[in-house]
Amino acid sequence: MISFNKQTRTFRLENKNLVYMMHVNQYDMLIKLYFGKPIEDFDFNQIESVQNIFADTYSYYDLEKKEEHTNSKLDPFSMLCEVPSNLSHDKREALVIINHEDNSSLTDFRYVSHEIFKGRPVLENLPHIRCDEKDSETLKIVLKDIKDDVYLHCYYTILKDLNVIIRHNEIISKTKNVIRVNRLFSQSLDLTSNEYTLLALHGAYASDKLLEEINLTHNKTVIEDVSGGKGFNNSAVYMLKHKDASLETGEVIGGGLIYSNNFKMIFHRTQMEQIRVSIGMNDYNFEAVLHENDKYVSPESFICYTENGINEMTHIFHDLNRKYLLRKLPKPMQKSILLNSWEGCTFNFNTQKIIDILTKCKEMGITLFVLDDGWFRNDDTYGLGDWKIDHTKIDLKKVIDYAHSLNIKFGLWVEPEQISFNSDLYRSHPEYALFDPSTPRPTTLRHQFVLDVTNKEARDNVFNQISAIFDNYELDYCKWDFNRMLTEVYSQTLPREKQKEIFHLFALGSYDLLNRFVNRYPNIVLETCSGGGGRFDLGMAYYSHQIWGSDETDAIPRTEIQYSANMFYPLRMMGAHISNRKHLSIKEKGAVAMFGTFGYELDPTHLDDEQIKEALHTNDVFLRNKELVDEGDYYSLISPFESNFVSWEVVSKDKDRAIVFFLNYRHINWRSRYLKLYGLEKDAKYVNTLDNNTYKGEYYMNVGLNLSMGRGNFVPSLIELKKVNE
Ligand code: DGJ
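Caption draft 1: Structural context of empty space enclosed by the protein. Throughout the structure, instances matching the rule amount to seven cavities of 30 Å³ or more. In this structure, the largest cavity occupies an estimated 130 Å³ of space. Considering only enclosed or pocket space, the second largest cavity measures out at about 100 Å³ in volume. M29, C81, V83, S85 and D108 are, among the 13 residues lining the second largest cavity, the residues nearest its centre. When the residues that make up the lining of the second largest cavity are grouped by side-chain class, the tally is eight nonpolar, two polar and three charged.

See the structure below:
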């Protein structure tokens, strides 16, 4: 899968559908040659031109020999660099920026050696793709900075079964000088054309993760987060769609960062009409001070390639995540039907109320009940950091035992990385709050501060309190929330030298807490959450079984969120519930929620017999389709941002079954519409639940389902297809 040609000093990483090639040039610079569908070989006569597409006047002066070399021709705007330099002649974004002891930030790494090995190194404290020797091979390239004894290790791992290359970088200082790392990105990707548009996600609270198609104009398009991880507004994933590409055809490049704190993705359309993509943890307010033998590791990133359109890129994203990242639910929890107390009760419950809810849960087929916020407090003005059950409010043992006696599993909400100013923990350890104490009015959000998880003592304290509860009560699930961003960003306990590393150290602190939890409670289902659908990222996916999708639980606007997120994230990653909001029946709301984890977020004691019946029916539809939705291939069919419809489809990997979602956002279905499906077997016959007719796969894919009748406004519809042998 990975080879090195000594003569041409060329690396080739390949699997069945993908080739990535790099070259070490005469100046020991690492040059990108090719990234795309398999080609036999690169024409090495062209290597010069890859470096010099437009150069004619760039040369260099040899200080030792005192002579000018006029045939070097390294074009600053068009040469394809793997490790672009800083303050040197490349005038685009650098991969790494180091401030040296002499205060020069000239950073320029040159090839020293390399290693090729099966599998990949494990990033111990960072989330990562869990591949091993049987499914991957790695190239490690060692480069040295031209100014000092500082090394950069660039890792490229290629997967056998997916069109994916995983990348991360490590800086190792061997110099006695103190160096300051001002940027350590995880990847830089130079593309030789500008003919791409960008697909990315943007959002805000309760309208998270919305798809946007962005025209890359000249100069830079930056997508980033600086909030310290809450990140509703942006996601660290992207697709670059070739101008000729569609959902079904054409070249699409995808990528992302496996990280849960400030990130930056820069798409630079250059004056030479190329694109450089630079991705990594954000260099905003970032500086890591390194001493001799220190090592600094970047988060992991990946790039993917397809020549078969956006939907196939979605399959790559989903398969990568499902197979190598997101945790799999423990067997007994795989088909649970969850009911969460939050929207039904908020803080207003007591033991009897929960007993009543559980009794009703049993009637409506619930198999997992989650007691959200409120078991240790009556409102959100206090209590975070004091992880003690409010025994005057709830007899936790009693309700858990009662749930278990009904065969209902039990889960609990926590928010470990936060601290209320009105808490004993804050009163006894004000230094555990993360803010600059010299500020007279540190920001409170939802009446709370952020816990300084860069401080191990604070982490230990909170973890010990929370684990005392999870050790002593029979819990099956945990919802791990994070309700505010970082402000007045400063740690009261970190040394001066570490203050500008704080965002990354915060990420590492959160990961440490999550790691401890996951290792201690491997069978407890973990749903992470961030004040709704923030921190819905690939870093959290590594620790979670699922992530709460959004506090927008109204099924109609939810369709926009789910359509958008589904393009990048697998459906079983997204917590999605039937709530009590607005119009629509349980069945109709269920049609949206079942394309996520499915569940309820309401007070079931308010449901009448008809609604309970409807819930039982909806649960059956969910259970019947759960595996298909979880494991199948997802297809976007109609974008809600381009028409008055939204539609998507999931096809089982063996193509025996499919499920289609359709919704009309207008008053009437004023345009009769044939909905063309994807991904079926052309010659196989399928019966559908819309008109109960049987057609060949090619009919569904070329003519489509006839939706002209009966698809009224705001009625989410499910259509199931099943292969028939006639
Ligand atoms: C925000 C979450 O998104 C909600 O579902 C709920 O858990 C509240 N926090 C509780 O405070």
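Caption draft 2: Representation of the sheet that holds strand β36 (residues 657-664) within the structure. Judged by pairing direction, the sheet is antiparallel, and its six strands sit side by side in the order β34-β35-β36-β41-β38-β39 without closing on themselves. Whereas interior strands pair on both sides, the edge strands pair on one side only; in this sheet they are β34 (633-638) and β39 (694-696). Adjacent strand axes in the sheet meet at a mean angle of 25° when their direction is disregarded. Note that strand β35 (residues 645-651) and β36 share seven bridges and pair antiparallel.

Caption draft 3: Fine view of the packing of helix α11 (residues 586-593) against helix α12 (residues 609-631). At a minimum axis separation of 9 Å, α11 and α12 run at an interaxial angle of 30°. When the axis of α11 is compared with that of α12, the two are roughly parallel. Here the hand of the crossing between α11 and α12 comes out right-handed. Residues I586, K587 and G590 of α11 lie in contact with α12, whose contacting residues are Q611, E614, A615, H617 and T618. Grouping the amino acids of the contact of α11 with α12 by side-chain chemistry returns two nonpolar, four polar and two charged.

Caption draft 4: Region of the structure containing the pattern of salt bridges. For the structure shown, the criterion picks out 55 salt bridges. For the salt bridge of R446 with D380, the shortest nitrogen-to-oxygen distance reads 3.3 Å. Residue R446 is found in the loop between α6 (424-428) and β27 (448-450), and its partner D380 is found in the loop between β24 (368-371) and α5 (396-405); the two are separated by 66 residues along the sequence. A relative accessible area of 26% places R446 in the partly exposed class. Using a relative accessible area of 18% as the deciding quantity, one classes D380 as buried. Measuring nitrogen to oxygen at the nearest pair gives 2.5 Å for the salt bridge that ties R520 to D471. Of this pair, R520 sits in helix α8 (residues 502-520) while D471 sits in helix α7 (residues 456-472), placing them 49 residues apart in sequence. In this structure, a network of salt bridges that share partners links the residues E93, R183, K220, K264 and D283.

Conventions adopted
Residues numbered from 1 in each chain as written. Predicted model: local features only at pLDDT ≥ 70, side-chain atom pairs only at ≥ 80, totals over all residues. Heavy atoms only, no water. 1 Å grid on protein atoms, 1.4 Å probe; cavity = no way out; pocket = protein on both sides within 12 Å on 5 of 7 lines; lining within 4 Å. Points joined across faces, edges and corners; volume = space filled by probe spheres on them. Nonpolar A, V, L, I, M, F, W, Y, C, P; charged D, E, K, R; others polar. Pairing = 2+ DSSP bridges. Helix = DSSP H or I, 4+ residues; strand = E, 2+ residues; numbered from the N terminus. Axes fitted to C-alpha atoms, helices over the stretch in contact; angles between N-to-C directions. Parallel < 35°, antiparallel > 145°, perpendicular 65-115°, else oblique. Left-handed = near helix turned anticlockwise from the far one by under 90°. Contact = heavy atoms within 4.5 Å. Salt bridge = Lys/Arg side-chain N within 4 Å of Asp/Glu carboxyl O. Buried < 20%, exposed > 50% of the residue type's maximum accessible area, 1.4 Å probe, protein only.

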